[in-house]
Amino acid sequence: MIMDRKRVTIVFILMLVCLAMLVWINAVTGSVSIPPGEVISAVLGRSSDEMWTNIIMNIRLPRMIAAIVLGGCLALSGYLLQTFFDNPIVGPFVLGISSGAKLTVALTLIFLLSKGRNIGSFGMIVSAFAGAMMAMVFVLLISSKTRSMSLLVICGIMIGYICSAITDFVVTFADDSNIVNLHNWSMGSLSGINMTQVTIMSVLALVCLACAVCMSKPISAYRLGQAYAASMGVNIRLLKVMLIVISSLLAASVTAFAGPISFVGIAVPHLVGNTVRTSSPAVMIPSCFLGGAVVTLMCDCIARSIFAPTEVSISSVTAVLLVPVVIRMMLGRRKNAG
């Protein structure tokens, strides 16, 4: 597909404008409404109201950055998985990767808390990555036995349900009050994230994004067929390993900090691809990251504001808004196939 540079530039500008608007809306709205002038004063360190400064700097700002970073991670993970399997209806949530990460994080937290010990951000990421890779191994084993992508997706969903059921069972019957509080996390939530966690997830996301951008040319060749990519000098085995590791690490980082967030990894690459109208990985990789940031920040704003002070699961909001997109995409593929 020929790339329209003007269109791509306009789309990027519009997404940046939308992101800036959503940041502003998230800063001033919530269970406590803050005057716009006080938001600016709090960011500049000039606010005279300590409560508003605390809300902006310690609660809303970390949460907004987390939504931007983790949303971008989810969308990029989905794009890399769709490239690997050559199918636009796969993603970390559908293939059970997020659920596998959720299971190992929950089990690790429960074990350590029962021993009176805490786990740091690095430990949560390692635990989540182990679970994500475990689920990915199952998916790869299934994909080696069948060429049916529909069967692969169904098996991925089953793996996700099994992991989620075990997680919910363990969390429900936990005795420790801190463990019981894991219920909100297991449903998908960005609440309680601090700047230390934001720093860790941002560094991890930037490293993965940089690696994905550096892989743009090999990915572009891979999308034209493995035989063509091999003839162009691409190391197919290494590329596949990198796609698996990076996509799993991105999905694991999201689950470690926010729990499973549904359908962003499937729908956003599709929406972005239809908007920029190019399949070039050099464009799709950064635009998917930016698109995921916009969509996740918007959904988190809805999750914490629409029923304020009650907060709903962000995964529920993403499901309501993005499932119709996925259904339309599947119907479009079936129509084209027919």
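Shown above is the structure to which this text applies.
Summary of the structure given here. These numbers were taken from a predicted model, which means no experiment stands behind them. (Residues numbered from 1 in each chain as written. Predicted model: local features only at pLDDT ≥ 70, side-chain atom pairs only at ≥ 80, totals over all residues. Heavy atoms only, no water.)

## Looking at the overall build of the protein
What counts here: Helix numbering and strand numbering both begin at the N terminus, where a helix is a DSSP run of H or I of at least 4 residues and a strand a DSSP run of E of at least 2. Relative accessible area decides the class of each residue, using a 1.4 Å probe on protein chains only: under 20% of the type maximum gives buried, over 50% gives exposed, and in between gives partly exposed. Each accessible area is a Shrake-Rupley result for a 1.4 Å probe, and residues are judged covered by the shown protein chains and nothing else. Note on charges: Lys and Arg go in the positive column, Asp and Glu in the negative column, and His and the chain ends are not counted at all. For this purpose, a charge sits on NZ of Lys, CZ of Arg, CG of Asp or CD of Glu.
Regarding its fold elements, the protein presents 15 helices and zero strands. Taking the principal axes of its C-alpha atoms as reference, the protein extends roughly 65 × 50 × 35 Å. Taking all 338 residues of the protein together, 50% fall into the buried category. Carbon together with sulfur atoms contributes 67% to the accessible area of the protein, which is approximately 16,300 Å² in total. Across the protein, the 21 positively charged side chains and the 10 negatively charged ones have centroids separated by 20 Å.

## A word on the state of the cysteines
Let me state the cut-off plainly: Any cysteine sulfur atom paired with another within 2.5 Å is treated as part of a disulfide.
Applying the stated criterion to the full structure yields zero disulfides. Here Cys73 stays free of any disulfide, with the sulfur of Cys208 as its closest cysteine sulfur at 6.7 Å. For Cys73, a relative accessible area of 1% gives the class buried. Here Cys288 is not cross-linked by a disulfide; its sulfur's nearest cysteine counterpart is in Cys73, at 13 Å.

## A few points about the nonpolar core
To be explicit about the condition: Side-chain atoms within 4.5 Å are what join buried Ala, Val, Leu, Ile, Met, Phe, Trp, Tyr and Cys residues into a set we call a nonpolar core. When checking whether two residues touch, look at their non-hydrogen atoms; a contact exists if any pair is within 4.5 Å.
Formed by 103 residues in total, the largest nonpolar core has its most connected members in Leu76, Leu80, Phe85, Leu190 and Ile219. For this core, the leading source of residues is helix α3 (residues 50–85), giving 17 residues. Dropping the residues within four chain positions of it, Leu190 is found in contact with Arg63, Ala66, Ala67, Leu70, Ala258, Asp300 and Ile314.

## Concerning the side chain of Asn26
Using the following cut-off: Here a polar contact is taken to be a pair of N or O atoms separated by no more than 3.5 Å, where protein atoms must pair a possible hydrogen donor with a possible acceptor and residues adjacent in sequence count only if both atoms sit in side chains.
When you line up the elements, Asn26 lands in helix α1 (residues 5–28). Reaching out from Asn26, the side chain makes a polar contact with the backbone oxygen of Leu22 at a distance of 2.7 Å. In this view, Asn26 contacts Arg60, Met64, Leu297, Asp300, Cys301 and Arg304; residues no more than four positions away in its chain are not counted.

## Focus on unusual backbone geometry
With phi around 70°, Phe263 is a residue other than glycine that occupies positive phi space. Counting through the fold element by element, Phe263 comes out in the loop between α12 (236–258) and α13 (264–276). Phi is positive for Arg277, which is not a glycine, with a value near 55°. Inspection of the secondary structure puts Arg277 in the loop between α13 and α14 (281–305).

## Side note on the side chain of Thr296
Following the sequence through the fold, Thr296 ends up in helix α14. You can call Thr296 buried: its relative accessible area is 0%. If near-sequence neighbours (up to four positions away) are discounted, Thr296 is found in contact with Ala67, Gly71, Val264 and Ile314.

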